[in-house]
Amino acid sequence: MSKIYAGDRTIDGIVVTVDGEPLDARTGSKCYSRNGFEWSYEGPEPSQLAYALLVDHLGDASRAERLQPAFMRSVVANFQNEWEMSSADIDRALDRLA
């Protein structure tokens, strides 16, 4: 089943959703940052976003942890203020990184 992931910087702060619902930060399984999500640079908050996206997409926390650094640098660090990715987009990005 394909999912749609989206992020936006709003007047109320950062909003990241999966199919319109808030994306779980997954800090219980791996905590890069407790300050929430961020993107457009390399750091702890973009690392948390990359990890959360990968865990949700892959359903495999250990694989997500292995792929997180490259995914954060090549994808999340390059997001614009508003972004959207489908499950297929994530698969294509992971194929490029392989």
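Everything here concerns the structure above.
Quick summary incoming for the structure in this document. This one's a predicted model, so the numbers in the text were calculated from it and none came from an experiment.

Parameters at a glance
Every chain is numbered independently, its residues counted from 1 as its sequence is written. It should be noted that, the model being predicted, local features are given only for residues of pLDDT at least 70 and side-chain atom pairs only at 80 or more, the latter also being counted only at that level, while totals for whole chains, interfaces and linings use all residues. Computation of side-chain values: all heavy atoms of the structure, hydrogens and water removed. We count a stretch as a helix when DSSP gives it H or I for four or more residues in a row; a strand needs E for two or more, and each element gets its number in order from the N terminus. What a helix is expected to span follows from its residue count: subtract one and scale by 1.5 Å. The bend reported for a residue corresponds to the angle between axes fitted to the seven residues ending at that residue and the seven starting there. Only protein chains enter the accessibility calculation, which uses a 1.4 Å probe; a residue whose area is less than 20% of its type maximum is buried, one above 50% is exposed, and one in between is partly exposed. Here a residue-residue contact requires only that any non-hydrogen atoms of the pair lie within 4.5 Å. Lines fitted to C-alpha atoms define the axes, with helix axes restricted to the stretch in contact, and inter-axis angles between N-to-C directions lie between 0 and 180 degrees. Note on angle classes: values under 35 degrees are labelled roughly parallel, values over 145 roughly antiparallel, values of 65 to 115 roughly perpendicular, and the remainder oblique. Crossing handedness is defined as follows: a turn of the near helix away from the far one that is anticlockwise and smaller than a right angle gives a left-handed crossing, while the clockwise case is right-handed. Note that Gly is not counted as nonpolar here; it falls among the polar residues with everything else outside the nonpolar set of Ala, Val, Leu, Ile, Met, Phe, Trp, Tyr, Cys and Pro and the charged set of Asp, Glu, Lys and Arg. Paired strands are those between which DSSP finds at least two bridges. Two N or O atoms count as a polar contact when they lie within 3.5 Å, although within protein this holds only if one can serve as hydrogen donor and the other as acceptor, and sequence-adjacent residues are included solely when both atoms are side-chain atoms.

## Concerning helix 2 (residues 61-74)
Helix length check: helix 2 (14 residues) gives 19 Å between terminal C-alpha atoms against 20 Å at 1.5 Å per residue, within 8%. If you look at helix 2, its biggest bend is around 50 degrees, right at Q68, and the proline P69 turns up within four residues after that. If you check which residues of helix 2 are buried, you get A64, Q68, F71 and M72. The inward-facing, buried residues of helix 2 abut helix 1 (44-58), strand 4 (83-86) and helix 3 (87-97).

## With respect to the packing of helix 1 against helix 2
Two elements in contact, helix 1 and helix 2, have axes separated by 8 Å at closest approach and are oriented at 135 degrees. Classified by the angle their axes make, helix 1 and helix 2 are oblique. Where helix 1 crosses over helix 2, the handedness of that crossing is right-handed. Every residue of helix 2 that contacts helix 1 at P46, S47, A50, Y51, L53, L54, V55 and L58 is listed here: A61, R63, A64, E65, L67, Q68, F71 and M72. Its residues placed into classes, the contact of helix 1 with helix 2 shows 12 nonpolar, 2 polar and 2 charged.

## Regarding the sheet that holds strand 1 (residues 4-10)
Within the open sheet, the 4 strands sit side by side as 3-2-1-4. Their pairing is antiparallel. Where the open sheet ends on each side, the last strands, each with one partner, are strand 3 (21-22) and strand 4. The pairing of strand 1 with strand 2 (residues 13-18) spans 6 bridges and is antiparallel. Note that in strand 2 the partner of A6 across the bridge is T17.

## Digging into the environment of S40
Relative to the elements of secondary structure, S40 occurs in the loop between strand 3 and helix 1. Judged by relative accessible area, which is 34%, S40 ranks as partly exposed. Separated by 37 residues in the primary sequence, S40 and A77 place their C-alpha atoms 4.1 Å from one another. Residues in contact with S40, not counting those within four places in the same chain, are R9, V76, A77, F79 and Q80. One polar contact links the side chain of S40 to the main-chain carbonyl oxygen of F79, over a distance of 2.5 Å.

Keep in mind these numbers describe shape, not what the thing actually does.
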